[in-house]
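# Observations on the three-dimensional arrangement
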Amino acid sequence: MRGEEESGFEPATGDGPPVPGDARARAAAVRSALAGLVQIRRLVNSGRADPESVPAPWELHRPVRAVALALEAAGLPASAVGPSGGRTGKGYRVTAGPSPGTVRVEWLGPAGSGAAYEEESELPRCAEALRELGWTALLYRGPRGRRFLEVEPPAGRPDGR
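This structure is a prediction, so every number in the text was calculated from the model and none was measured.

It is worth spelling out the overall build of the protein chain at this point. Regarding its fold elements, the protein chain presents five helices and six strands. Ordered by position in the sequence, the α and β elements of the protein chain form the string α-α-α-α-β-β-β-β-α-β-β. For 161 residues, the compact-globule formula gives about 15 Å, and the C-alpha radius of gyration of the protein chain, at 16 Å, lands near that figure. Once the C-alpha set of the protein chain is aligned to its principal axes, its extents read approximately 50 × 35 × 25 Å. Taken over 161 residues, the protein chain has a buried fraction of 42%. Contacts in the protein chain between residues at least 24 apart in sequence constitute 52% of all its contacts with a sequence separation of at least 6. When the accessible area of the protein chain is evaluated, it comes to approximately 8,400 Å², of which 53% is carbon and sulfur surface. Side chains of the protein chain give 21 positive and 20 negative charges; the mean places of these two sets differ by 3 Å.

If you want it as structure tokens, here you go:
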């Protein structure tokens, strides 16, 4: 995935500005990054029955980036933050989880956007997209009743944990 890093590709985590540029060019960059990730999985997980179904060590060392790529590749919208620090877009937000190697996924948006009402339907869509790529995604209800996903690699992952 070094090529994407050098060319400036970063998956949308939902904590940055709206993804700039041409939507078709962005979709092509996301497809290319995901294809690279799948190829890495094939190479490093070659001893497994289905090497594409297990996160590679690269993903385990950069779980926020890997999860954000999976969600963006699934066509889910990322939230966004404007220059003043306020939310300007409605969608997923990916951050580091409470334990090393875990990730938290929330559904956020600007005040009055209805994001809190949509999380009940949108977070399961996020979970499904992540499960299709081999991640374990568990839905929780946090403070003030807001839902979120905690995402982690599956048991028996390649790093031996």
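Pairing in this open sheet of four strands is antiparallel, and the strands run S3-S4-S6-S5 from one edge to the other. Since the sheet does not close on itself, it has two edges, and those belong to strand S3 (91–96) and strand S5 (136–141), each with one partner. Geometrically, the sheet is characterised by an average inter-axis angle of 25° between neighbouring strands, direction not taken into account. In the packing of helix H4 (residues 63–73) onto the sheet, contacts are made with S3, strand S4 (103–108) and strand S6 (147–152), and the angle to S3 comes to roughly 165°.

Turning our eyes to something else, we now look at unusual backbone geometry. One non-glycine residue with positive phi stands out, namely arginine 144, at about 60°. Summarising the element assignment, arginine 144 is placed in the loop between S5 and S6. When its relative accessible area of 80% is taken as the criterion, arginine 144 is described as exposed.

For the rest of this paragraph, the subject is the pattern of salt bridges. Across all of its chains, the model carries 13 salt bridges by this definition. A salt bridge links arginine 93 to glutamate 106; the shortest N-O distance between them is 3.0 Å. Taken together, the residues arginine 93 in strand S3 and glutamate 106 in strand S4 connect sequence positions 13 residues apart.

Put simply, the protein chain has an average pLDDT of 90, and 91% of its residues get 70 or more. With pLDDT under 50 throughout, residues 1–6 is counted as low confidence; its partners more than four residues away or in other chains account for 13 contacts. Low pLDDT (under 50) marks residues 157–161, which in the prediction has nine contacts with non-local residues, meaning those over four places away or in another chain.

Quick look at the side chain of asparagine 45 now. Inspection of the secondary structure puts asparagine 45 in the loop between helix H2 (23–44) and helix H3 (57–61). There is a polar contact of 3.2 Å between the side chain of asparagine 45 and the backbone oxygen of proline 51.

A word on the pairing of S5. Note that S5 and S6 share six bridges and pair antiparallel. Counterpart to arginine 141 in the pairing with S6 is arginine 147. Between the antiparallel neighbours S5 and S6 lie five residues, among them arginine 144 with a positive phi of about 60°.

Definitions and cut-offs
- Residues numbered from 1 in each chain as written.
- Predicted model: local features only at pLDDT ≥ 70, side-chain atom pairs only at ≥ 80, totals over all residues.
- Heavy atoms only, no water.
- Helix = DSSP H or I, 4+ residues; strand = E, 2+ residues; numbered from the N terminus.
- Rg over C-alpha atoms; globule rule 2.2 N^0.38 Å.
- Buried < 20%, exposed > 50% of the residue type's maximum accessible area, 1.4 Å probe, protein only.
- Contact = heavy atoms within 4.5 Å.
- Areas by Shrake-Rupley, 256 points an atom, 1.4 Å probe, with all protein chains shown as cover.
- Lys, Arg positive; Asp, Glu negative; His and termini not counted.
- Charge placed at Lys NZ, Arg CZ, Asp CG, Glu CD.
- Pairing = 2+ DSSP bridges.
- Axes fitted to C-alpha atoms, helices over the stretch in contact; angles between N-to-C directions.
- Salt bridge = Lys/Arg side-chain N within 4 Å of Asp/Glu carboxyl O.
- pLDDT = per-residue confidence, 0-100.
- Polar contact = N/O pair within 3.5 Å; in protein donor to acceptor, adjacent residues only side chain to side chain.

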